Amino acid sequence: MGREIAPFGANTKRTHTYVKWEPYMVEVLQRHPDMTAAELADLMGLTVESVRCARKRFGRWPGRVDGLCIVCDERPVWRESAKARAMRLCKGCYIREERRRDEERREHAAQRQYRHRTKERS
């Protein structure tokens, strides 16, 4: 009957095998943010590079579960605004932060314009 065909990918050389990160592994990773990648790799039986990549993918710190504002810790995060959600702020704290940033931008713009005007006069 001839030669049997090898399954797909059977003749390719792979030096590393991929380990799927299960939720409990991510939990261990995030429960020990103070440990180095080498220490976690020894603890979990993985390579240092896989721990580093997992930290990039899942983060060193666990996300907040309660969904409260990180500034006032009283009101829920404003879900309708993508920026407020990314900054994990409630509506009031987000508006206050945006006003502060706008004022800062205006001050920097005034300083830039002043430097530009004085440079032209010189």
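Residues numbered from 1 in each chain as written. Predicted model: local features only at pLDDT ≥ 70, side-chain atom pairs only at ≥ 80, totals over all residues. Heavy atoms only, no water.

Notes on the packing of helix 2 (residues 37-44) against helix 3 (residues 48-58)
At their nearest, the axes of helix 2 and helix 3 sit 8 Å apart, and the two run at 110° to each other. With respect to helix 3, the axis of helix 2 lies roughly perpendicular. Helix 2 and helix 3 meet at a crossing whose hand is right-handed. Listed contacts from helix 3 to Ala-37, Ala-38, Leu-40 and Ala-41 of helix 2 are Val-48, Val-51, Arg-52 and Arg-55. Along the lines of polarity and charge, the residues of the contact of helix 2 with helix 3 split into six nonpolar, no polar and two charged. (Axes fitted to C-alpha atoms, helices over the stretch in contact; angles between N-to-C directions. Helix = DSSP H or I, 4+ residues; strand = E, 2+ residues; numbered from the N terminus. Parallel < 35°, antiparallel > 145°, perpendicular 65-115°, else oblique. Left-handed = near helix turned anticlockwise from the far one by under 90°. Contact = heavy atoms within 4.5 Å. Nonpolar A, V, L, I, M, F, W, Y, C, P; charged D, E, K, R; others polar.)

So, the state of the cysteines
If you walk through the whole model with that rule in mind, you get zero disulfides. We note that Cys-69 lacks a disulfide partner, and the nearest cysteine sulfur, in Cys-93, lies 3.7 Å from it. (Disulfide = S-S within 2.5 Å.)

As for the packing of helix 1 (residues 23-31) against helix 2
Where helix 1 contacts helix 2, the two axes come as close as 11 Å, and the packing angle between them is 145°. In the packing of helix 1 onto helix 2, the handedness of the crossing is right-handed. Across the interface between the two elements, Met-25, Val-28 and Leu-29 of helix 1 pack against Leu-40, Leu-43 and Met-44 of helix 2. Of the residues belonging to the contact of helix 1 with helix 2, the class tally is six nonpolar, no polar and no charged.

Considerations on the packing of aromatic side chains
Aromatic rings in a pair are described by how distant their centres are and how their planes are angled relative to each other. One pass over the structure, following the stated rule, counts two aromatic pairs. Ring plane angle 50° and centroid distance 6.4 Å describe the contact between Trp-21 and Phe-58, whose orientation is recorded as tilted. Of the two residues, Trp-21 is situated in the segment before helix 1 and Phe-58 in helix 3; the sequence distance between them amounts to 37 residues. Among the residues examined, Trp-21 registers a relative accessible area of 10% and is labelled buried. Looking at Phe-58, the relative accessible area reads 31%, which means it is partly exposed. (Phe/Tyr/Trp six-rings, centres within 6.5 Å; stacked < 30°, edge-to-face > 60°. Buried < 20%, exposed > 50% of the residue type's maximum accessible area, 1.4 Å probe, protein only.)

Notes on helix 5 (residues 91-121)
In this model, helix 5 (31 residues) spans 45 Å end to end at C-alpha, consistent with the 45 Å of a helix rising 1.5 Å per residue. Cys-93, Tyr-94, Glu-97 and Glu-98 are the residues of helix 5 that are buried. Where helix 5 is buried, its residues contact helix 4 (82-87). (Expected span 1.5 Å × (residues − 1).)

Some details on unusual backbone geometry
For Asp-73, which is not a glycine, the phi torsion comes out positive at approximately 55°. Within the secondary structure, Asp-73 is located in the loop between helix 3 and helix 4. Residues other than glycine seldom take positive phi values, yet Arg-88 does so here, at roughly 60°. Considering the arrangement of structural elements, one finds Arg-88 in the loop between helix 4 and helix 5.

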